[in-house]
Amino acid sequence: MSTAVRNGIARVKSRRLSYPVVLLIIAGALVAFSLLRIVTGANQLTASGQYASALAAAVPIGLAGLGGLWAERAGIINIGLEGMMMLGTFAAGWVGWQHGPWAAALAGVVGGALGGLLHAVATVTFGVDHIVSGVALNILALGVVRYLAKLWFGAEGSAAAAAGGNDKQSPPMADMPTFTVPGVADALRSVEAHHWFLVSDLAGILGALVSNVSWLTLLAAGLFVGSFFALWRSSFGLRLRSCGENPAAAESLGVNVYRYKYAAVVVSGALAGLGGAFLAIGVHIYQDQQTGGRGYIGLATMIFGNWRPGGVAMGAGLFGFMDALQLRAGGPTVHALLLLASVLLAGFALWRLRGGGRVPALVGMVVAAGLLAWFLTTETVPLEFVEMSPYVTTLLVLSLAAQRLRPPKAVGKPYLRGQGT
């Protein structure tokens, strides 16, 4: 092996975060939040209720991102995640009020998978541009669910209308069962109430993981673990990922590229549909515009996560935290984050300056100074900024992560059977 190749492999490995480094980052974030809570008095930052809401908000985003990962690892861009989530929410609402939450979850999977199948037929069989197909699917899904909601839920004299449904929502369904670890949840809640440095903050986070957790949340966590082993620890996953890297070479080795692409996009739709079902089950009904752009944010988590399940999970957690923060805490707590953001940007600027990037360093320092001035001269932030904070976070994270991204080489490229022969 040549020196150049060995150096290239070393550089690739050096860009990957090892598990100890990831744990160190998590520990550093916990210490930072603890210090921020003490300095600003924003106790909501590490409250168990905040993290419970963040977990609930992160699951549908994470499932959409995981669905995008499956499709793009096979070479298919899936802009249609939002539409597949819509189909999942509607199917869950339609089945759930009649047969319960578990049937609703299964219906959501089927609804999303049908959307994925339609996207696969368009992109794999007929060679339609992936972006065009995905956008068309989003528009089609919006029209379909609105039409069917009016037809099935809002029809005068129907059973659904009599049970509380209308043109905009389904009748209510039963609660999804939750689990709580006896004794542990109460003990952690007691420790959290003392507001001790670091200890109470950790208790708040752990308390959210052992108290009133939906079984669907556990299922979602299992799907992330299962996806990692399926895609990176199995021959099936190796063949599927080869279709996204070099489909011609994969076909020359006997891989049925079309079959793997179909499987990946259908699984992608099923995961997005389950994310949509989670939204409907969480509030017990299907509602019009229920997805609220989460399919697009899921796509952003996939990019931020560098097309890896662990990265997608971290990105979903970040966006879920910001989403829950703007719903539960409001202006004062988001205001406290201005101080943290200014410190992090200042550190980023110094790091870029050390590496020779003077222009990014200068921009970072200017923005950090502006955020610090904003924090020192105000006591809260406008409600409009609070509501847009998840989307601002999306833009900032993607901007900072852009330089380390490595998408599959053949993603989005048209492929015709026989190119490998």
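Cut-offs and rules
Residues numbered from 1 in each chain as written. Predicted model: local features only at pLDDT ≥ 70, side-chain atom pairs only at ≥ 80, totals over all residues. Heavy atoms only, no water. Helix = DSSP H or I, 4+ residues; strand = E, 2+ residues; numbered from the N terminus. Rg over C-alpha atoms; globule rule 2.2 N^0.38 Å. Buried < 20%, exposed > 50% of the residue type's maximum accessible area, 1.4 Å probe, protein only. Core = buried A, V, L, I, M, F, W, Y, C linked by side-chain atoms within 4.5 Å. Contact = heavy atoms within 4.5 Å. Axes fitted to C-alpha atoms, helices over the stretch in contact; angles between N-to-C directions. Parallel < 35°, antiparallel > 145°, perpendicular 65-115°, else oblique. Left-handed = near helix turned anticlockwise from the far one by under 90°. Patch = residues over 30% accessible without salt bridge, like charges linked within 9 Å, V, L, I, M, F, W, Y side chains within 5 Å. Areas by Shrake-Rupley, 256 points an atom, 1.4 Å probe, with all protein chains shown as cover. Salt bridge = Lys/Arg side-chain N within 4 Å of Asp/Glu carboxyl O. Phe/Tyr/Trp six-rings, centres within 6.5 Å; stacked < 30°, edge-to-face > 60°. pLDDT = per-residue confidence, 0-100.

Structural notes on the overall build of the protein chain
Thought 1: For the protein chain, the count of helices and strands is 18 helices and two strands.
Thought 2: For the protein chain, the C-alpha radius of gyration of 23 Å lies close to 22 Å, the compact-globule estimate for 421 residues.
Thought 3: On the principal axes, the C-alpha backbone points of the protein chain span a range of 70 × 60 × 40 Å.
Thought 4: Counting the 421 residues in the protein chain, one finds 48% classified as buried.

Some remarks on the nonpolar core
Soluble globular proteins tend to bury their nonpolar side chains together.
Thought 1: Ranked by size, the top nonpolar core spans 51 residues in total, and within it Leu216, Leu240 and Ile281 carry the most contacts.
Thought 2: The element contributing the most residues to this core is helix 13 (residues 257–283), with 13 residues.
Thought 3: If we ignore the near neighbours within four places in the chain, the residues touching Leu216 are Trp102, Ala105, Met176, Leu274, Phe278 and Ile281.
Thought 4: Among the nonpolar cores identified, the runner-up in size contains 21 residues, and Phe33, Leu36, Phe375 and Val386 belong to it.

Some words on the packing of helix 10 (residues 215–232) against helix 13
Two measures define how a pair of helices packs: the angle their axes make with one another and the distance between the axes.
Thought 1: Across the interface, helix 10 lies against helix 13 with an axial gap of 11 Å and an inter-helix angle of 165°. Between helix 10 and helix 13, the angle falls in the class roughly antiparallel. In this structure, helix 10 meets helix 13 at a crossing whose hand is left-handed. Of the residues in helix 13, those touching helix 10 at Leu216, Thr217, Leu219 and Leu223 are Leu271, Leu274, Phe278 and Ile281.

Examining a nonpolar patch on the surface
Thought 1: On the surface, Val31, Leu35, Ile38 and Phe197 cluster together to form a nonpolar patch covering roughly 330 Å² of accessible area.
Thought 2: Note that Phe197 resides in the loop between helix 8 (184–193) and helix 9 (199–210).
Thought 3: Among the residues examined, Phe197 registers a relative accessible area of 39% and is labelled partly exposed.

A few points about the packing of aromatic side chains
Thought 1: This model, assessed by the stated rule, comprises 14 aromatic pairs.
Thought 2: Ring centres of Phe90 and Tyr286 lie 5.5 Å apart, and the angle between their planes is 85°; on these two criteria the pair is classed as edge-to-face. Within this pair, whereas Phe90 is found in helix 4 (residues 81–99), its partner Tyr286 is found in the loop between helix 13 and helix 14 (294–304), the two being separated by 196 residues in sequence. With respect to class, Phe90 is no different from Tyr286; both count as buried.
Thought 3: Judged by centre distance (6.4 Å) and plane angle (75°), the ring pair of Tyr258 and Tyr415 falls under edge-to-face. You can see Tyr258 sitting in helix 13 and its partner Tyr415 sitting in the segment after helix 18 (383–401), a full 157 residues away along the chain.
Thought 4: Taken together, Phe90, Trp94, Trp152, Phe153 and Tyr286 form an aromatic cluster joined through their ring pairs.

Description of the confidence of the model for the protein chain
Thought 1: Averaged over every residue, the pLDDT of the protein chain is 87; residues scoring 70 or more account for 92%.
Thought 2: Low pLDDT (under 50) marks residues 1–14, which in the prediction has two contacts with non-local residues, meaning those over four places away or in another chain.

As for the environment of Ala155
Thought 1: Relative to the assigned elements, Ala155 resides in the loop between helix 6 (130–153) and helix 7 (159–162).
Thought 2: With 10 residues separating them along the chain, Ala155 and Gly165 place their C-alpha atoms 8.9 Å apart.
Thought 3: Here Ala155 is in contact with Lys150 and Ala161, once residues within four sequence places are set aside.

Digging into the pattern of salt bridges
Thought 1: Under the criterion given, the structure shown has seven salt bridges.
Thought 2: Residue Glu245 pairs with Arg406 through a salt bridge whose shortest N-O separation is 2.7 Å. Here Glu245 is found in helix 11 (residues 235–245), whereas its partner Arg406 is found in the segment after helix 18, with 161 residues between them in sequence.
Thought 3: Shared partners join several salt bridges into a network, and the residues in it are Arg73, Glu245 and Arg406.

With respect to helix 14
Thought 1: Extensive coverage of helix 14 is indicated by the burial of eight of its 11 residues.
Thought 2: Looking only at helix 14, the buried set comprises Gly295, Ile297, Gly298, Leu299, Ala300, Thr301, Met302 and Phe304.
Thought 3: Residue Asn306 follows helix 14 closely and has a positive phi angle near 60°.

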